[in-house]
Amino acid sequence: MSAVRWLFASEPGATNGLLPRWIFLRALGLIYYSAFFSLVFQIKGLIGPQGILPAGEYLHAVTGQFGRVGYWYAPTLLWLSSGRHMLTAICWVGMIASLLLVLDLWPRGMLAICFACFLSFVSAAQDFSGYQSDGMLLEAGFISLFCAPGGFRPRLGEASPPSRASWFLLLWECFRIYFESGVAKIMGGDPQWRNFTALDEYYQNGPLPTWIGWYMQHGPHWFHAATSFGTLALELGLVWMMFLPRRFRMVCFCIVTPWQIGIILSANYTFLNYLVLALGFLLLDDKLLERFVPERWKRSEGRAESDGKGSQAKEQPAGLDLPLQETLQDRKFLGALEVKREASSERHWQPALHKQWAALTLAMMAMMLSWIFYATAVEMIWMVKPLELPTTPVSALEPFRIANRYGLFAIMTRGRYEIEFQGSDDGQKWLVYPFRFKPQDPAKAPGIYAPYQPRFDWNLWFASLSTWREEPIVPRTEQALLRGSGDVLQLFAGNPFPKAPPRQVRAMLWQYWFAEPEEKRATGRWWRREQLGLYAPTLEREADGRIVVLQWPQMVEPRE
């Protein structure tokens, strides 16, 4: 039992890890806020009743297949209602809770609300929540429930320091994001990583490039080869320093932090890199961070010691400095008084109930954190060798996305393709639906949007690498545009048919390349592009409202 308490219980009086935890929880609150803030403008168009993939239809299909067990497979508050008001409510409640977390008001409660709201979206969003970043946030948010201090306004939380197990699991997640990504690159068999050419076109072909990425793309080959080697060296080797003594952890922090900042500037991976950046602060300690924080934020250790001594002095029996005879008399009196107090306390059930509740909480925490560690460790082992280990503890946690396997950029894309929606009233003149974030206009510089997450634009990048039969969001978007769905139109930067929906809608496929520096200087264009043809069926809305296929796309070569 003592080992369990040492590992899982918070030890009052522990003096290290308070400042890193305070910084991490504030950063986690901001990341949660960015996730909910981006959703509030998109969620109705994504999974609303008039959206692309309505959550109500999905949940109905889940219950049709699994019955009541479907509540476990899709843990979401949207079972209560999947209407527009409920979708908006979980976003606003999540935003408010995340801001209160940043303001250090009841951290554990706010973390629980953020987790429940974000999980409610992820569990019902289908293709719009298949990102590793969503699992990273849910895993970090759930473990933080056990790491956060108790109380309504805990400040640094000296009374409830983080437990060793919760702290380790957060570092364990940070380590796995790096290490499992490195393993995936090697085990995936992509020759680009073995030849150190993986980043030669990386900045161009990612989901949402930035203008800084344009300049980095045109760097010399030795730069791309060096960053490819550095990526593998960091993910497979250097991250092991996270578990070494203090000086090695400091060095590791000084390596991974600028690395993540470079990724943030060169590509838009939503809140993913911000979360990894925040997890990196757990490598630091109070001794280092106290040099950089205002004096009033520091723990007054001397005062705490003096207060402790003072309280001990008050607990000393009065009269210890009196003659021996008086002291013995006082001790007899105090001893009799203590016996009376013990007899009185035995008649009260509160202390016993509090002790039992504390033991139950400790047992639940130990079980939950051990469960997560087992599931994540087994997932990592299976990446290297498929050993026969119990799978039920792993699969049971899958719906909650709190024990994940990671593997970023195991296979590099070899081309950039973009899907563009066009509408027409006569089949001759086609007007383009402009995107908010995706590359489209060759003369427009790619922006920096992260941590904002445009899920519609992001998913279309994945869809462009596949076929329309495997990506239902494309034909469903065409149908929504023919119906004139206002929620779906909000996902675009504008509506070329403000008076009435078009009669026909099609999705065209383009291939994009970064413009060469000479071309950019001459024309001002950041991109050059080539139209490849029809991506999905051209749909037409007939007079009676029925939607029919007007033209089928031709077979195109596989894209990767």
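Residues numbered from 1 in each chain as written. Predicted model: local features only at pLDDT ≥ 70, side-chain atom pairs only at ≥ 80, totals over all residues. Heavy atoms only, no water.

Undergrad: Quick question: what am I supposed to make of the overall build of the protein chain here?
TA: Of the regular secondary structure elements, the protein chain holds 24 helices and 6 strands. Counting across all 560 residues of the protein chain, residues that qualify as buried make up 50%. For the protein chain, the share of sequence-separated contacts (at least 6 apart) that also reach a separation of at least 24 residues comes to 75%. With an accessible surface of roughly 27,700 Å², the protein chain has 61% of that area assigned to carbon and sulfur atoms. (Helix = DSSP H or I, 4+ residues; strand = E, 2+ residues; numbered from the N terminus. Buried < 20%, exposed > 50% of the residue type's maximum accessible area, 1.4 Å probe, protein only. Contact = heavy atoms within 4.5 Å. Areas by Shrake-Rupley, 256 points an atom, 1.4 Å probe, with all protein chains shown as cover.)

Undergrad: Please explain unusual backbone geometry as it appears in this structure.
TA: Of all residues except glycine, most have a negative phi; of all peptide bonds, most are trans. Across the junction of Ala450 and Pro451, the peptide omega takes the value 10°, indicating a cis bond. Checked against the element boundaries, Pro451 lands in the loop between strand 2 (431-432) and helix 21 (455-464). The phi torsion at Phe196 lies on the positive side, around 60°, for a residue other than glycine. Summarising the element assignment, Phe196 is placed in the loop between helix 10 (191-194) and helix 11 (202-205).

Undergrad: Looking at this structure, I do not really get the state of the cysteines. What am I missing?
TA: Here a disulfide denotes one covalent bond, and it connects the sulfur atoms of two cysteines. A complete count under the given rule lists 0 disulfides for this structure. Cysteine Cys91 remains unbridged, with the sulfur of Cys117 as its closest cysteine sulfur at 8.4 Å. (Disulfide = S-S within 2.5 Å.)

Undergrad: Quick question: what am I supposed to make of the pattern of salt bridges here?
TA: Should their charged atoms come close, side chains of opposite charge can pair. Going through the model one piece at a time under the given rule, you end up with 16 salt bridges. For Glu235, the salt bridge is made with Lys185, and the minimal N-O distance between the two is 3.1 Å. In this pair, Glu235 is assigned in helix 13 (residues 221-236) and Lys185 in helix 9 (residues 164-187), connecting sequence segments 50 residues apart. Both residues of the pair, Glu235 and Lys185, count as buried. (Salt bridge = Lys/Arg side-chain N within 4 Å of Asp/Glu carboxyl O.)

Undergrad: Got a minute to help me understand the pairing of strand 3 (residues 504-514) in this structure?
TA: When a strand is regular, its side chains alternate between the sheet's two faces. Most of strand 3 is tucked away, with 10 of its 11 residues classed as buried. Looking at chain direction, strand 1 (residues 416-424) and strand 3 are connected through 9 bridges and run antiparallel. Within strand 3, the position partnered with Arg416 by the bridge is Tyr512. Pairing geometry for strand 3 and strand 5 (residues 538-541), over 2 bridges, is antiparallel. In the strand pairing of strand 5, Gln504 is matched with Glu540. The sheet contact formed by strand 3 and strand 4 (residues 527-534) spans 7 bridges and is antiparallel. Within the sheet, the bridge partner assigned to Trp510 lies in strand 4 and is Gln531. (Pairing = 2+ DSSP bridges.)

Undergrad: What am I meant to see in helix 6 (residues 84-102) here?
TA: Because an α-helix packs 3.6 residues into every turn, residues spaced three or four apart end up facing the same way. For helix 6, built from 19 residues, the straight-helix expectation of 27 Å at 1.5 Å per residue is met to within 8% by its first-to-last C-alpha distance of 28 Å. The set of residues buried in helix 6 consists of Met86, Leu87, Ile90, Cys91, Gly94, Met95, Ala97, Ser98 and Leu101. Looking at the packing, one finds that the buried side of helix 6 touches helix 2 (18-40), helix 3 (43-47) and helix 7 (107-124). Of the residues one or two after helix 6, Asp104 is the one with positive phi, at around 70°. (Expected span 1.5 Å × (residues − 1).)

Undergrad: Looking at this structure, I do not really get the packing of helix 2 against helix 6. What am I missing?
TA: Geometrically, a packed helix pair is captured by the angle between its two axes and the distance between the axes. Relative orientation of the contacting elements helix 2 and helix 6 amounts to 160°, with a least axis distance of 8 Å. If you check the angle between helix 2 and helix 6, you find them roughly antiparallel. With respect to the hand of their crossing, helix 2 and helix 6 are arranged in left-handed fashion. Contacts from Leu25, Arg26, Leu28, Gly29, Leu30, Tyr32, Tyr33, Phe36, Phe37, Leu39 and Val40 in helix 2 reach Ile90, Cys91, Trp92, Gly94, Met95, Ser98, Leu99, Leu101 and Val102 in helix 6. In terms of residue class, the contact of helix 2 with helix 6 is built from 16 nonpolar, 3 polar and 1 charged. (Axes fitted to C-alpha atoms, helices over the stretch in contact; angles between N-to-C directions. Parallel < 35°, antiparallel > 145°, perpendicular 65-115°, else oblique. Left-handed = near helix turned anticlockwise from the far one by under 90°. Nonpolar A, V, L, I, M, F, W, Y, C, P; charged D, E, K, R; others polar.)

Undergrad: Sorry, what's going on with the packing of aromatic side chains here?
TA: What describes a pair of aromatic rings is the distance from one ring centre to the other and the angle between the planes of the rings. Counted by the stated rule, this structure contains 49 aromatic pairs. Both rings, one in Phe36 and one in Phe118, keep their centres 5.9 Å apart while their planes meet at 85°; by these two values the pair is edge-to-face. Taken together, the residues Phe36 in helix 2 and Phe118 in helix 7 connect sequence positions 82 residues apart. Exposure remark for Phe36: the relative accessible area of 1% places this residue in the buried category. Aromatic pair Phe456 and Phe492: ring centres 5.3 Å apart, planes at 70°, arrangement edge-to-face. With Phe456 in helix 21 and Phe492 in the loop between helix 23 (486-489) and strand 3, this residue pair connects regions lying 36 residues apart in the sequence. A relative accessible area of 0% places Phe456 in the buried class. Grouped by ring-pair contacts, the aromatic residues Tyr131, Tyr202, Tyr203, Tyr269, Phe409, Trp458, Trp461 and Phe462 constitute a single cluster. Positioned above the aromatic ring of Phe435, the side-chain terminus of Lys438 is 4.8 Å from the ring centre. (Phe/Tyr/Trp six-rings, centres within 6.5 Å; stacked < 30°, edge-to-face > 60°. Lys NZ or Arg CZ within 6 Å of the ring centre and 35° of its normal.)

Undergrad: Even after reading the chapter, I still don't get the packing of helix 13 against helix 14 (residues 246-266), so can you show me in this structure?
TA: Where helix 13 contacts helix 14, the axes come no closer than 12 Å and their chain directions differ by 130°. Regarding the angle of helix 13 to helix 14, the classification is oblique. In the packing of helix 13 onto helix 14, the handedness of the crossing is left-handed. Residue-level contacts link Thr227, Gly230, Thr231 and Leu234 of helix 13 to Ile255, Val256 and Trp259 of helix 14. Per-class residue counts for the contact of helix 13 with helix 14 are 4 nonpolar, 3 polar and no charged.

Undergrad: What exactly am I supposed to notice about the environment of Arg246 here?
TA: Along the polypeptide, Arg246 turns up in helix 14. With 38 residues separating them along the chain, Arg246 and Leu284 place their C-alpha atoms 8.1 Å apart. Arg246 has contacts with Asp285, Lys287 and Leu288, leaving out every residue within four places of it along the chain. A polar atom in the side chain of Arg246 sits 2.4 Å from the side chain of Asp285. (Polar contact = N/O pair within 3.5 Å; in protein donor to acceptor, adjacent residues only side chain to side chain.)

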